[in-house]
Amino acid sequence: MKRHVLHPLWFAIAVVGLILIARQFLVPDDFGVHGDSFTYNYHRLSNVQEWKDFPVKYRGNESCLECHEDNVKKHRRSPHKRVQCENCHGPSGNHPDDVEYLPLNKERSLCLRCHAELGYPESSARSDLPSIVDRRHKRKRECVSCHNPHDPREEVE
Amino acid sequence: MSCSRRDFLKDSIGAAFVSALPLSAFTFLTTDEAKAAVAEATVRWGYLVDTTKCTGCGMCVKACKNENEIPYDAPVTRTWVERYVVTKDGKSHADSPLGGRDGFTTDKIRDEEINPDDITKAYFVPKLCNQCDNPACVQVCPVGATYQTHDGVVLVDREWCIGCGYCIMACPYGVRFFHPDHKVADKCNFCYHRITKGMMPACVESCAFGARRLANLKDPDDPVTKIIMTERVAVLKDEYGTKPHVFYIGLDANVR
């Protein structure tokens, strides 16, 4: 065979060889088929653990009970009991270790998420909730200045 | 047929080797390994959305974004809530401002006023990854960066994803997006870090109305699995053959 054919051929073979060698070092050991399907289970196994180690931020009502017993217990007896503490107070994360005070959201828009009147027929779950028309009900005031969010049956003095 | 002594010996030795080979495939598991293998096979995560209970408060979207560190103001989200309003003329009006992150507090849909007297039905539909049995997104990944775990959840390997976007195109449900910070594909994983610790996904926990629930479909005593087994549930885009595992109660024909 002529040199102008052989030279590029050797070069191509060398490149492929280099890629195969580099692959040995670059592909992690745990990369492979972990399951019964090459199509769906071909992956790096340690990534599953990486996702399991992702930090949890929403810790649930039980985690609030230890320090905020009064509010949690009052909330438990109220029609708002199905609303999680963290829905309004924000995710607790490592509170109180890293963040001493959780930001308190007193905006009308927070209450309006459930209590804005949309005028939908009864088939809509929204129409089961007590609701207001935003522009007609005490426009400038915060809802919590009159209604106690932990127990909305109570009025704030 | 003739057979020399030499050929006979050669063939017998060959046959002995071949028949011995599959035996090496049977390895003895330690007790822990066997337990782990069985435990993995007893979980298959599914999800139940009751659209008749959803009020469109959007707390699930807010919780999801915070829990999973999805940039709060970027127009991407792992789960979202759609609003559908059907009027007397048969038209369906739908919107999902910011994915429903701030809830639905106005009756305007895309700046359009709809006369309440014309509305025949209105409802909210939460959407999230369907954790398909035949995930199209996994099939198209050229590098093996997205995959299905033993318990049915589809995960994305952020170290390995090259951000080519094939999976984002492939998903018939549009649940995948490009993560603005990590520069990789991202999607709902049922809060894998929570469900593997026995907690509920952030969206399920934050739902005050029980519209979103998690199920272990391999446990026949799971109350949510019982509902999926015994009641009338539907899935989205069944015709694609992806075998989605998010089930809907009260799914309307107008939902796309």
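All of these numbers come straight from a predicted model, not from anything done at the bench.

What counts and what doesn't
Residues numbered from 1 in each chain as written. Chains lettered and ligands numbered in written order. Predicted model: local features only at pLDDT ≥ 70, side-chain atom pairs only at ≥ 80, totals over all residues. Contact = placed C-beta atoms within 7 Å. Helix = DSSP H or I, 4+ residues; strand = E, 2+ residues; numbered from the N terminus. Nonpolar A, V, L, I, M, F, W, Y, C, P; charged D, E, K, R; others polar. Pairing = 2+ DSSP bridges. Axes fitted to C-alpha atoms, helices over the stretch in contact; angles between N-to-C directions.

**Here we look at the interface of chain B and chain A**
Stage number 1. If you look at the interface, chain B gives 44 residues, while chain A gives 37 residues.
Stage number 2. Elements supplying a minimum of two residues to the side of chain B that touches chain A: α3 (59–67), β4 (119–127), α4 (136–140), β5 (146–148), α6 (192–195) and α7 (202–206) of chain B.
Stage number 3. For the side of chain B that touches chain A, a count of residues per class yields 19 nonpolar, 16 polar and nine charged.

**A few points about the sheet that holds strand β2 (residues 80–87) of chain B**
The strands that make up a sheet pair up through hydrogen bonds in the backbone, lying either parallel or antiparallel.
Residues and elements named next belong to chain B.
Stage number 1. If you walk across this open sheet you meet the three strands as β3-β2-β4, and the pairing is antiparallel. Looking at the sheet topology across the chains shown, the edges are occupied by β3 (92–95) and β4. Across this sheet, the average inter-strand angle for adjacent strands is 20°, counted without regard to direction.
Stage number 2. As paired elements, β2 and β3 share four bridges and run antiparallel to each other. Looking at β3, one finds that Y84 is bridged to A94.

**Some points on the sheet that holds strand β1 (residues 45–50) of chain B**
Residues and elements named next belong to chain B.
Stage number 1. Read from one edge to the other, the open sheet built from three strands follows the order β9-β1-β10, with strand pairing classed as mixed. Each edge of the open sheet carries a strand with a single partner, namely β9 (212–216) and β10 (246–249). Shown here is a sheet whose adjacent strand axes are inclined to one another by a mean of 25°, direction ignored.
Stage number 2. Of the pairings in the sheet, the one linking β1 to β9 comprises five bridges and is antiparallel in character. Bridge pairing links W45 to N216 in β9.

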